Amino acid sequence: MRNSITDVPGIEVGHAQHPSGMTGCTVILCRAGAVPGVDARGGAPGTRETDCLRPENVIPAAHAVFLSGGSAYGLDCATGIMRFLEERKVGFDVGVTVVPIVAGAVLNDPGFLRAARHARTQPWATGRVRRPA
């Protein structure tokens, strides 16, 4: 036990950053699905799939949650996370494929990232992650 979110069975965390773009993405995976909560604030929140997670809607769980840089462009990292999960048959079975539910939000620091492939249960970088020298 590390007093970490990955102490919870089935939770994996991955982080990736752009080597020169000073931006990054962190993803929390729960391949079996989990019920997240969200509180989006501010004058121009950048979110994806957060509304479908409200209790009155049909979607009962998410398979991943991310926080990315890149302003509105950062929302596209969800596509890579979805592809990663679909390739592993993680998501809701709709007959012809599975549909992973990937919810997230972005910060205003433009760039592009991949974090899902780095998800694991071992310790990961926390706090401010610095750009390589």
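Since the model is a prediction, treat every value here as computed from it, not as a measurement. (Residues numbered from 1 in each chain as written. Predicted model: local features only at pLDDT ≥ 70, side-chain atom pairs only at ≥ 80, totals over all residues. Heavy atoms only, no water.)

Side note on the overall build of the protein
Just so we agree on the cut-off: Put simply, DSSP H or I for four residues or longer makes a helix, DSSP E for two residues or longer makes a strand, and each gets a number counted from the N terminus. Classification of residues uses two cut-offs on accessible area relative to the type maximum, computed with a 1.4 Å probe and protein chains only: under 20% is buried, over 50% is exposed, and between them is partly exposed. Surface accessibility follows the Shrake-Rupley procedure with a 1.4 Å probe radius. Residue values consider only the protein chains on display as shielding.
Looking only at helices and strands, one finds one helix and seven strands in the protein. Shown N-terminal to C-terminal, the secondary structure of the protein runs as helices and strands in the order β-β-β-β-α-β-β-β. Looking at the protein as a whole, 35% of its 133 residues qualify as buried. In the form shown here, the protein has an accessible surface area of approximately 8,400 Å², with 55% of it arising from carbon and sulfur atoms.

A closer look at the side chain of Asp-7
Operational definition: Whether two residues touch is decided by their heavy atoms; if any such pair falls within 4.5 Å, the residues are in contact.
Checked against the element boundaries, Asp-7 lands in the segment before strand 1 (11-17). Discounting residues that sit within four places of it in the chain, Asp-7 has contacts with Met-1 and Arg-2.

Remarks on the pattern of salt bridges
Definition in use: When a carboxyl oxygen of Asp or Glu is within 4 Å of a side-chain nitrogen of Lys or Arg, the pair counts as a salt bridge.
Per the stated rule, a full pass over the model turns up three salt bridges. Here Arg-54 makes a salt bridge to Asp-51, at a shortest N to O gap of 3.6 Å. On the basis of relative accessibility, which here comes to 45%, the residue Arg-54 falls in the partly exposed class. With a shortest N-O distance of 3.5 Å, Glu-87 and Arg-88 are connected by a salt bridge. Glu-87 sits in the exposed class, given a relative accessible area of 55%. Residue classification places Arg-88 among the partly exposed residues on the basis of a relative accessible area of 40%.

Some words on the pairing of strand 4 (residues 62-68)
We apply this condition: Here, a strand pair is defined by DSSP locating no fewer than two bridges between the strands.
Across the seven residues of strand 4, five count as buried, placing the element largely inside the fold. The pairing of strand 2 (residues 24-34) with strand 4 spans six bridges and is antiparallel. Bridge pairing links Val-27 to Phe-66 in strand 4. Of the strand pairs in this sheet, strand 4 and strand 7 (residues 102-106) are connected by five bridges, and their pairing is parallel. What sits directly across from Ser-68, in strand 7, is Val-106.

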